[in-house]
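# Structural characterization, general
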Amino acid sequence: MEHDFSKGSISRHIMMQAVPLMVAQILQLLYNVVDRIYIGHLPGEDGLALTGVGLVFPIVSIISGFTNLYGMGGAPLCSIDRGAGKMDEAERIMGNSAVLLFYTSLVVMTAVYVLKKPLLYMLGASDATYPYADSYLSIYLIGTVFAMLGTGMNNFITSQGFPKTAMCTTLLGAVINLILDPILIFGFDMGIEGAAIATVFAQFVSCVWVLRFLTGKKTILRLRKKYFKLEWPLVGKITALGMSGFIMQATNSVAQIACNAMLSIYGGDLYIGIMTILNSVREVLSMPVSGITNGSQPVLGFNYGAGEYERIRKGIRFMTLAGSVYTVAAWAVLVLFPKPFLALFTGNRQMIEAGVSSVHLYFAGFVFMLFQFSGQSVFVALGKSKNAVFFSLFRKVVIVLPLTILLPQIMADSVAGIFLAEPISNVIGGLACFGTMYVTVYRKLGAGPNIRKQPH
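Residues numbered from 1 in each chain as written. Predicted model: local features only at pLDDT ≥ 70, side-chain atom pairs only at ≥ 80, totals over all residues. Heavy atoms only, no water.

### A word on the overall build of the protein chain
Of regular secondary structure, the protein chain possesses 17 helices and zero strands. Each of the three principal axes of the protein chain carries a C-alpha extent, and together these read 60 × 45 × 35 Å. Across the protein chain, every contact between residues at least 6 apart in sequence was considered, and the portion connecting residues at least 24 apart equals 82%. Carbon together with sulfur atoms contributes 68% to the accessible area of the protein chain, which is approximately 17,500 Å² in total. Charged side chains of the protein chain number 33 positive and 22 negative; the gap between the two group centres comes to 15 Å. (Helix = DSSP H or I, 4+ residues; strand = E, 2+ residues; numbered from the N terminus. Contact = heavy atoms within 4.5 Å. Areas by Shrake-Rupley, 256 points an atom, 1.4 Å probe, with all protein chains shown as cover. Lys, Arg positive; Asp, Glu negative; His and termini not counted. Charge placed at Lys NZ, Arg CZ, Asp CG, Glu CD.)

See below:
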């Protein structure tokens, strides 16, 4: 019953998947967020170290994008095949995903090392912040293989109905990171390099944990050597479905590059540092939403493979309602009490005071973000790759990127214009994504098997 999502309460199955996943994703953030908290409070740095780490975010997003491409591309397909009883096909998908993650991580790591200096300056580094960004990135890249394999293959643990085991993956890494950070950063006086070393070691341990489980006896689908040979039809299916997650992360990077570039012109290092904090706060607050929507994917995908269409409709309703309640509550707390969130990441009084108005602007459309997450998760769970890819591109490339460049040029307060691009995109992109999902998927699920006739 625990692993058969076609029986029992659909909302219970979603929460059984979502709660450990939420905890896991929050813990996953500790890899980077704890680093930022400690780095932001390094004595005598005046926020420059935190700004330098913030410049690395777009590169981390690109690495996460490739992780999503194969991890989140393969896991929903495994859920659908497992629901349909095609266990060998599901294991082939898992094996191919692992190989793709491994080789891509080597390519990405090498490419970023070669282009590191011009890339960081393109991302908005100044002569004052470049040394910090360079020090952190040079060490962080060593863990690319561990980060991609560990995080990417952890999706396959969740998709089989082992959310607690998947949670332990990130719990293990987060605890190691929490212990090592203060020891290396302050105890051994390694500063920003100590934070990066702690992160890489934590990623290594998490990766070993994931691979041991997927090759052990407790898993339903096993990672087998005979499926490590790439099968190009499967590679195409995995890549097509994972493209939405990849594009979401890649376009986040592009938008962040544009944002840092515009802030370097109109606001300087102070506001790049504030944006670093706001991105960190957004990641933390959006985790429960991501946990609920991502936790629903294996449940919805399994029921899709089993032909239980009304259960999928119930799951969509529950996911959207639960996410809506949370986002309204989180937005209210943040808007009413912005300073404690800012002070968590920096002791710089000027940065905190200037950041309050930025919080109000940047998070104005936070509630509508739920609709983007919800609609996107349904498309991915049911294998609707074209829809998922389109709305990943639509919000960041069609809305955020042009507004980030245009608004500071036409508004009296240029910095405010840069921060407004995000909430505007949340409103337009979120409503467009969810509305399309409702019309093209939710309503048609009531027609039973006819939903499968819709193009993917």
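### What about helix 3 (residues 57-83)?
The terminal C-alpha atoms of helix 3, which comprises 27 residues, lie 37 Å apart, in line with the 39 Å expected from a rise of 1.5 Å per residue. Along helix 3, the helix axis deviates most sharply at Asn-68, where the bend reaches about 35°. Among the 27 residues in helix 3, 23 count as buried, and that is most of the element. Looking one or two places after helix 3, you find Gly-85, whose phi comes out positive at around 80°. (Expected span 1.5 Å × (residues − 1). Bend = angle between axes of the 7 residues up to and from the residue. Buried < 20%, exposed > 50% of the residue type's maximum accessible area, 1.4 Å probe, protein only.)

### A few points about a nonpolar patch on the surface
A grouping of Leu-171, Val-175, Ile-179, Ile-183 and Phe-188 is seen on the molecular surface, where their side chains present a nonpolar patch of about 450 Å² in accessible area. Mapped onto the elements, Val-175 comes out in helix 8 (residues 163-187). (Patch = residues over 30% accessible without salt bridge, like charges linked within 9 Å, V, L, I, M, F, W, Y side chains within 5 Å. Salt bridge = Lys/Arg side-chain N within 4 Å of Asp/Glu carboxyl O.)

### Brief notes about the packing of aromatic side chains
Pairs of aromatic rings are described using the distance from one ring centre to the other and the angle between the two planes. On inspection of all chains with the given rule, the structure shows 19 aromatic pairs. Between Phe-66 and Phe-246, the ring centres sit 4.8 Å apart and the planes meet at 55°, which makes this aromatic pair tilted. Residue Phe-66 is found in helix 3, and its partner Phe-246 is found in helix 10 (residues 232-266); the two are separated by 180 residues along the sequence. The class of Phe-246 is buried, set by a relative accessible area of 18%. Plain terms: the ring middles of Phe-379 and Phe-391 are 6.1 Å apart, the flat faces sit at 5° to each other, and that makes the pair stacked. With Phe-379 in helix 15 (residues 369-381) and Phe-391 in helix 16 (residues 385-410), the pair connects residues that are twelve residues apart, well separated along the chain. For Phe-379, a relative accessible area of 0% translates into the label buried. A residue is classified by how much of its surface remains accessible, and Phe-391, at 5% relative accessible area, is buried. (Phe/Tyr/Trp six-rings, centres within 6.5 Å; stacked < 30°, edge-to-face > 60°.)

### Section: unusual backbone geometry
Excluding glycine, residues mostly have negative phi values, and the peptide bonds linking residues are mostly trans. Of note in this structure, Asp-189 is not a glycine but carries a positive phi near 55°. Relative to the elements of secondary structure, Asp-189 occurs in the loop between helix 8 and helix 9 (191-214).

### As for empty space enclosed by the protein
A probe matching the size of a water molecule, rolled over the atoms, marks out where space remains unfilled. Summed over all chains, the structure comprises four cavities of 30 Å³ or more. Here the second largest cavity is characterised by a volume of approximately 50 Å³. In terms of lining, the second largest cavity is formed by Met-248, Gln-372, Phe-373, Phe-391, Ser-392, Arg-395 and Lys-396. Among the elements of the structure, helix 15 and helix 16 are those that each provide at least two residues to the lining of the second largest cavity. Looking at the lining of the second largest cavity residue by residue, the class counts come to three nonpolar, two polar and two charged. (1 Å grid on protein atoms, 1.4 Å probe; cavity = no way out; pocket = protein on both sides within 12 Å on 5 of 7 lines; lining within 4 Å. Points joined across faces, edges and corners; volume = space filled by probe spheres on them. Nonpolar A, V, L, I, M, F, W, Y, C, P; charged D, E, K, R; others polar.)

### Digging into the packing of helix 4 (residues 87-114) against helix 10
When two helices pack together, you describe them by how their axes are tilted relative to each other and by the distance separating the axes. Closest axis-to-axis distance for the helix 4/helix 10 pair is 10 Å, and the angle between their directions is 75°. In terms of orientation, helix 4 and helix 10 fall into the roughly perpendicular class. Contacts between helix 4 and helix 10 involve Glu-89, Arg-92, Ile-93, Asn-96, Ser-97 and Leu-100 from the former and Leu-234, Val-235, Lys-237 and Ile-238 from the latter. Considered class by class, the residues forming the contact of helix 4 with helix 10 number five nonpolar, two polar and three charged. (Axes fitted to C-alpha atoms, helices over the stretch in contact; angles between N-to-C directions. Parallel < 35°, antiparallel > 145°, perpendicular 65-115°, else oblique.)

### Some thoughts on the nonpolar core
Tyr-136, Met-153, Leu-263 and Phe-419 are the most contacted members of the largest nonpolar core, which has 121 residues in total. With near-sequence residues (within four places) excluded, Met-153 lies in contact with Met-94, Ser-97, Ala-98, Leu-101, Met-148, Val-210, Leu-214 and Leu-223. Membership of the second largest hydrophobic core comes to five residues, among which are Phe-5, Ile-14, Val-299 and Phe-302. (Core = buried A, V, L, I, M, F, W, Y, C linked by side-chain atoms within 4.5 Å.)

### Describing the environment of Tyr-309
Within the element layout of this structure, Tyr-309 appears in helix 12 (residues 309-336). Between the C-alpha atom of Tyr-309 and that of Ile-272, which follows or precedes it by 37 residues, the distance is 47 Å.

### Thoughts on the confidence of the model for the protein chain
Here the protein chain averages 86 in pLDDT, and 93% of its residues register 70 or above. Between the elements of the protein chain, mean pLDDT differs from a low of 74, seen in helix 1 (residues 10-40), to a high of 95, seen in helix 4. (pLDDT = per-residue confidence, 0-100.)

### Section: the state of the cysteines
Put plainly, two cysteines are in a disulfide when a covalent bond ties their sulfur atoms together. Tallied over the entire structure, the rule returns zero disulfides. For the unlinked cysteine Cys-78, the closest cysteine sulfur is that of Cys-207, found at 18 Å. Note on Cys-78: relative accessible area 1%, which makes it buried. Counting only cysteine sulfurs, Cys-207 is the nearest neighbor of Cys-168, a cysteine outside any disulfide, at a range of 16 Å. (Disulfide = S-S within 2.5 Å.)

### Observations regarding the environment of Glu-310
Within the secondary structure layout, Glu-310 lies in helix 12. Once the C-alpha coordinates of Glu-310 and Val-235 are considered, the two residues, 75 residues apart in sequence, prove to be 31 Å apart.

### What about the side chain of Ser-374?
One can find Ser-374 in helix 15. Beyond its immediate stretch of four places on either side in the chain, Ser-374 contacts Thr-293, Met-319, Thr-320 and Phe-434.

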